[in-house]
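One letter stands for each residue in the lines below.
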Amino acid sequence: MENKYLFNDSIIVRFISLFVIGEILFTAVWYLSYYFLPESIMQGKTGSAIIIGSDVAPTMLEEWGTIVMYNLGALFLVFIVNLIRYRDRFPLGYITPLGMIALYAIFLGTNSFSIPMVERMAPTLAVFDRGGPYEMMAFMLMAVATYNQSRIALTEEMHRISPVPRLSLEQWVGIGVAIALILFAGWREAAMIMAL
């Protein structure tokens, strides 16, 4: 792996590098979707809408549990995809959170959530009052915490990667913080939904 930022030995450098890329992507897609896409264009057409539905749970704790379970599944997906490395250089788990970030930006810009906001949100820092940015940070943190855990390399011929290094304490802390962010973001999101 060659990039000295995305594949740095420090999880902090890797996270900041992926975060900067994610933030640029998020801002551009949010801006474009807010100004150029119709409102609710994707409402009810995604996996989350099909899996979770659009009904609000009767209690905040149940709503939080539903959100957390769904997002922990997405967090696990980032890890699973990270088990594959493209051309023996690039862990595919880095692409997964970037795709999630782009999708979240479209949802935000078009108000396509299963339980929509009162009105769609213009690009502003007020987005940090929502749970979504913290979920996206958790997905990026999981990607950078498990970046060296690839088991399969996709080249002209698929081959196994061996040996796979053990996770360091820094990586385990990153995974723990990612899970904590999912729990926190789920609570914020559940509170916002119950307030509608």
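Look above for the structure.
Rules used in this analysis
- Residues numbered from 1 in each chain as written.
- Predicted model: local features only at pLDDT ≥ 70, side-chain atom pairs only at ≥ 80, totals over all residues.
- Heavy atoms only, no water.
- Helix = DSSP H or I, 4+ residues; strand = E, 2+ residues; numbered from the N terminus.
- Buried < 20%, exposed > 50% of the residue type's maximum accessible area, 1.4 Å probe, protein only.
- Contact = heavy atoms within 4.5 Å.
- Expected span 1.5 Å × (residues − 1).
- Polar contact = N/O pair within 3.5 Å; in protein donor to acceptor, adjacent residues only side chain to side chain.
- Phe/Tyr/Trp six-rings, centres within 6.5 Å; stacked < 30°, edge-to-face > 60°.
- Lys NZ or Arg CZ within 6 Å of the ring centre and 35° of its normal.

Engineer: How would you summarise the environment of Ser17 if you had to cite specific residues and measurements?
Structural biologist: Along the chain, Ser17 falls in helix α1 (residues 11-36). Overall, Ser17 belongs to the buried group, its relative accessible area being 15%. Not counting residues within four places of it along the chain, the set of residues in contact with Ser17 comprises Tyr5 and Leu6.

Engineer: Tell me about α1, residues and numbers included.
Structural biologist: The terminal C-alpha atoms of α1 lie 36 Å apart, and with 26 residues this matches the ideal 38 Å at 1.5 Å per residue to within 8%. Among all positions in α1, only Ile11, Arg14, Phe15, Ser17, Leu18, Gly22, Phe26, Val29, Trp30, Ser33 and Tyr34 are buried. For α1, the capping residue at the N-terminal end is Ser10, with a side-chain oxygen 3.2 Å from the backbone nitrogen of Ile12.

Engineer: Residues and numbers for the packing of aromatic side chains, please.
Structural biologist: Any two aromatic rings considered together are summarised by their centre-to-centre distance and by the angle between their planes. In this structure the tally under the stated criterion is 14 aromatic pairs. Consider the rings of Phe26 and Trp30, whose centres lie 5.2 Å apart with planes at 45°: the pair is tilted. With Phe26 and Trp30 both in helix α1, this residue pair falls four residues apart, about one helical turn. Here a set of aromatic residues connected by ring pairs shows up, and it is made of Phe26, Trp30, Tyr104, Phe107 and Phe113. Sitting over the face of the ring of Tyr34, Arg120 holds its NZ or CZ atom 5.0 Å from the ring centroid. Between Arg130 and the ring centre of Phe113, over which it is positioned, the NZ or CZ distance is 4.9 Å.

Structural measurements only, silent on function.
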